Amino acid sequence: MFGSSTKLETDKAKPATEEGRSTMSPTGPVTQTSSQAASGGDTPDRRRAKTLVAKEVNLFYGDFHAVENVSMTIEPNKVTALIGSSGCGKTTFLRSLNRMHELTPGASVKGDIELDGEDIYAGGVDPVAVRGLIGMVFQQPNPFPTMSIYDNVAAGLNFNAGKVSKSDRDAIVERSLRGAHLWDEVKDRLQRPGSSLSGGQQQRLCIARATAVSPEVLLMDEPCSALDPVATLAIEDLIGELKKEYTIAIVTHNMQQAARASDNTAFFNLDESGKPGHLVEIGATDEIFTKPQKKETEDYVSGRFG
Ligand SMILES: Nc1ncnc2c1ncn2[C@@H]1O[C@H](COP(=O)(O)OP(=O)(O)OP(=O)(O)O)[C@@H](O)[C@H]1O
Ligand SMILES: [Mg+2]
C-alpha cells in the first residue's frame, strides 16, 4: 500500500513502480518491456493485483442522484459480483470505479475511490491512465469491427506507440490472447477483422484487449448477457483464471453465475423508482446466498432462485 506521501497529484516525476508496472502519473501508463512481456523479465509472472476501495461514493446525472453513499472494498485476486434489480445503479457505480462515469455529460462524483490507497480522482491524475490500470469489459462485445484481431488487442498500446517495438507488441498480443483462452482459435488468422469472430470469441477478444495494457483491476458489466450457455461457461472459467492476476468486479443478473464465479457479492437495491440506489450489504458469496444479514437481500436472492 502506498502511503499518503505518494499522493498522485504531487507525483508527476514518479518513475514506473518498483515492479516496472504502470503508474497513474499524468504522463500516462508505462508499458512493460519486451523481456517482461514475453518471459516475465525481472518481474514476477503473477502481477500484484490491487485493492479498490470506495468511500461514501455518491453519483449523479445532473441533478439526479443515482447512487447513494456506497462504501466497499473490492479485494485483490478475488471476484466481486455486483447484483441487484434493474436501475439500482450497478453500471453507474462500476463506471465510477475507472472514471468512465464522468464521460457522460453532466455526470458527477462525490466521495473517494482509492487504488491501493491512491485516490484515482485526485487532481492531476490522468483519467486515461486510470482506465489503463482499471480496465472495462462491456455487456455487448465491442471489438473495433474493421480492425484486425491483432490490432484490436494492440489498440490500447497505442498510447505508448513510441515505446513498444514490433516484437514487444507481438509478444503482448500473443500473451493477451493466450490469457483470454483465444490464441489457439485465432493464431492463424490474426489479420482477419474482429467482426469475423463469434460472439463468445469477440467477448474473449475484448478481454484480451483489456488485459493487453496490463491493468491491475478488471471491471465487467454483464459480460455474458449476450452469450449462449457454452460461451458463458467459457468466460466464467476464464474469470476464474484471471483472478489469479487481477482484481475483478463483475455485474451480473444471473444468480447462478454470481454463486459460481464470485468470492464476494455486493447487493444493491433502491427503495423506489426515482430514489438513489444504495449498497445493502457485501460479504462472502456463500454467506450472501445462504445467510445474508438483511432481509431484503434474502428476498432478492431467494426470489431469483425460487
Ligand atoms: N446517462 C444517463 N443519464 C441519466 N440517467 C441515467 C443515465 N444512465 C443511467 N441513468 C439512471 O441511473 C440509474 C441507475 O442506472 P444504471 O444503469 O446504473 O442501473 P443498473 O443497476 O446497471 O441497471 P441494469 O441492471 O438495468 O443494467 C437509473 O435510474 C438510470 O435510469
Ligand atoms: Mg447495468
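Look a little higher up for the structure.
Residues numbered from 1 in each chain as written. Chains lettered and ligands numbered in written order. Predicted model: local features only at pLDDT ≥ 70, side-chain atom pairs only at ≥ 80, totals over all residues.

Trainee: Just to check I follow, could you spell out the nonpolar core for this structure?
Mentor: Grouped together as the largest cluster of nonpolar side chains are 73 residues, with contacts concentrated most on L82, L218, L219 and I248. It is helix 7 (residues 199–212) that contributes the most residues to this core, six residues altogether. (Core = buried A, V, L, I, M, F, W, Y, C linked by C-beta atoms within 7 Å. Buried ≥ 20, exposed ≤ 12 C-beta atoms within 10 Å, placed from the backbone. Helix = DSSP H or I, 4+ residues; strand = E, 2+ residues; numbered from the N terminus.)

Trainee: Explain helix 8 (residues 229–242) to me, please; I cannot follow it from the model alone.
Mentor: The α-helix advances 3.6 residues per turn, and as a result positions three or four apart in sequence lie on the same side. Along its 14 residues, helix 8 runs 20 Å from first to last C-alpha, staying within 8% of the 20 Å computed at 1.5 Å per residue. For helix 8, the set of buried residues is T232, I235, E236, I239 and L242. Viewed end-on, helix 8 has its buried residues packed into an arc of 120°, placing them on one side of the element. Counted as exposed and oriented over 90 degrees from the buried face of helix 8: V230, D237 and E241. In this fold, the buried residues of helix 8 make contact with strand 3 (79–84), helix 7, strand 7 (217–221), strand 8 (247–251) and helix 9 (255–261). (Expected span 1.5 Å × (residues − 1). Arc of directions from axis to C-beta. Contact = placed C-beta atoms within 7 Å.)

Trainee: What is the right way to look at the site of ligand 1 in this model?
Mentor: Residues in close proximity to ligand 1 include Y61, F64, A66, S86, G87, C88, G89, K90, T91, T92 and T104, which together make up its full environment. A breakdown of the residues in the shell around ligand 1 according to their chemical character gives four nonpolar, six polar and one charged. (Near = placed C-beta within 6 Å. Nonpolar A, V, L, I, M, F, W, Y, C, P; charged D, E, K, R; others polar.)

Trainee: What's the story with the packing of helix 7 against helix 8 in this structure? I'm lost.
Mentor: Angle between the axes and distance between the axes: these two values describe a pair of packed helices. Running from N to C, helix 7 and helix 8 point in directions that differ by 20°, and their axes come no closer than 9 Å. Between helix 7 and helix 8, the crossing angle belongs to the class labelled roughly parallel. Here helix 7 runs over helix 8; the crossing is right-handed. Across the interface between the two elements, G199, G200, Q203, R204 and I207 from helix 7 touch A231, A234, I235 and L238 from helix 8. (Axes fitted to C-alpha atoms, helices over the stretch in contact; angles between N-to-C directions. Parallel < 35°, antiparallel > 145°, perpendicular 65-115°, else oblique. Left-handed = near helix turned anticlockwise from the far one by under 90°.)

Trainee: Please clarify how the environment of N69 should be interpreted in this entry.
Mentor: Counting through the fold element by element, N69 comes out in strand 2 (residues 64–74). According to the C-beta neighbour criterion, N69 is partly exposed, with 14 such atoms within 10 Å. The spatial distance from the C-alpha of N69 to the C-alpha of K110 is 8.9 Å, given a sequence separation of 41 residues. Setting aside its immediate chain neighbours within four residues, N69 contacts E56, N58 and H278.

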